[in-house]
Amino acid sequence: MSPHDPTMVEHRLDAEGVDQLMLAGVNDRNIQEVHRLFGIRVVLRGDQVILSGPLDDVERAVGLVQHLIELSRLRAPFDSHDIARFAESFDALGHEGMISPNDDIRIALPGSKRVISPKSDGQRRYLEAIQDNDIVIGIGPAGTGKTYLAVAMAVDALYKKRVKRIILARPAVEAGENLGFLPGDLQEKVDPYLRPLYDALEDMMPPDRVRRALEDRTIEIAPLAYMRGRTLSDAFVILDEAQNATTAQMKMFLTRLGLNSQVVITGDKTQIDLPHSSQSGLLQVERILASIAGIEIVYLDAMDVIRHRLVKDIIRAYSDAAGEDRLDGGPSVTP
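What you see is a predicted model; the values in this text were computed from it and never measured.

The rules behind these values
- Residues numbered from 1 in each chain as written.
- Predicted model: local features only at pLDDT ≥ 70, side-chain atom pairs only at ≥ 80, totals over all residues.
- Heavy atoms only, no water.
- Salt bridge = Lys/Arg side-chain N within 4 Å of Asp/Glu carboxyl O.
- Pairing = 2+ DSSP bridges.
- Helix = DSSP H or I, 4+ residues; strand = E, 2+ residues; numbered from the N terminus.
- Core = buried A, V, L, I, M, F, W, Y, C linked by side-chain atoms within 4.5 Å.
- Buried < 20%, exposed > 50% of the residue type's maximum accessible area, 1.4 Å probe, protein only.
- Contact = heavy atoms within 4.5 Å.
- 1 Å grid on protein atoms, 1.4 Å probe; cavity = no way out; pocket = protein on both sides within 12 Å on 5 of 7 lines; lining within 4 Å.
- Points joined across faces, edges and corners; volume = space filled by probe spheres on them.
- Nonpolar A, V, L, I, M, F, W, Y, C, P; charged D, E, K, R; others polar.

> Which parts of the structure should I look at to understand the pattern of salt bridges?
Side chains that carry opposite charge are capable of pairing whenever their charged atoms lie near each other. For the structure shown, the criterion picks out 16 salt bridges. Its salt-bridge partner being Glu 10, residue Arg 12 comes within 3.1 Å of it at the nearest N-O pair. For Glu 220, the salt bridge is made with Arg 217, and the minimal N-O distance between the two is 3.2 Å. Each member of the salt-bridge network shares a partner with another, and the members are Asp 121, Arg 124 and Arg 125.

Here it is, written out as structure tokens:
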């Protein structure tokens, strides 16, 4: 870097008291990610982080790196995937888009030694809505944590004895495959549709605790059709993949709500597998329930995706393709 080039600068940030391994990452992976995102040189030297490079790029990076320093001081874990997400939130929303570890909702799960917290502003709003409302509808693309965070809140409510049971439901709707061709009895046929709910539970609770809870029906995982005629009291109830519930099924489900119960409905409007998308109960409740006190609809988007970084780009590519098809008068693209 030439000392006479006014467009090249060096900026030093105070990193006193940080966990240096957490800040730099294993094999300096976090530092390399900041370099990849902004094209600047990043050096951790003593109690300082030194950023050097073109003026505009260094200015863009300062806020993000300061946030990483704050996280490292508080021993709040993050990785290179989180850094990319932080950078996008910062570019879009500035400091308001960054989650403060002091303000986070933290769900500590006994037995698993895990603490689950939101990784984006959208996820934080989603968890706050679940805390404050009896019915929450989370709408957004795959990978935004809609189901995972709802299950975490349900498990937390069960551990703290705010509810006596957890009920997890999904419509058993084929996505291009015929249910009748699957082997086994009815329960064995629908289990593959419910597997993501089992996966989320098993990630949060010891396997023996999950098994006992399923056996004594403290936790119930069932197809949506099994909810008819029941009253769901003292329960945390989650309806997953709600875009594939018909309007009649959605009304049936919502009217099951009993005393001291809470409902979270999750769905992705771009992945409706019903014969006609107009039949989707999710689209209907989005339209007719938004103004009712005690019901909150939370929208998540590509910025809230927590999966592999390419998932975010894939979602945007499909969204762009759908928009172009509508402009051309062609069929919409439904991933």
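> I keep staring at the pairing of strand S2 (residues 41-45) and nothing clicks. Help me out?
Here five bridges tie S2 to strand S3 (residues 48-54), and the two strands are oriented antiparallel to one another. Within the sheet, the bridge partner assigned to Val 42 lies in S3 and is Leu 51. Hairpin connection from S2 to S3: two residues lie between these consecutive antiparallel strands, with Gly 46 at a positive phi of about 65°.

> Would you take a moment to explain the nonpolar core for this structure?
Soluble globular proteins tend to pack their nonpolar side chains together in the buried interior. Ranked by internal contacts, the top residues of the largest apolar core, which has 37 residues, are Val 155 and Phe 236. Looking at this core, the elements with two or more residues in it are strand S4 (107-109), helix H5 (121-132), helix H6 (146-159), strand S7 (165-170), helix H7 (186-204), helix H8 (207-215), strand S8 (219-223) and strand S9 (235-239). Sort the elements by how many residues they give to this core and H6 lands first, with ten residues. Once residues within four sequence positions are removed from consideration, Val 155 is found in contact with Leu 109, Ile 166, Leu 201, Met 204 and Met 205.

> Explanation requested: empty space enclosed by the protein in the structure shown.
A probe as big as a water molecule, rolled over the atoms, marks out the empty space that is left. Under the counting rule described, the total for this entry stands at one cavity of 30 Å³ or more. Size it by volume and the largest cavity reaches roughly 100 Å³. Along the walls of the largest cavity sit Leu 23, Ala 24, Asn 30, Ile 31, Val 34, Val 42, Val 43, Leu 44, Val 49, Val 65 and Leu 68, which together make up its complete lining. Mapped onto the lining of the largest cavity, the elements with two or more residues apiece are helix H1 (20-24), helix H2 (29-38), S2 and helix H3 (55-73). Partitioning the lining of the largest cavity into residue classes produces ten nonpolar, one polar and no charged.

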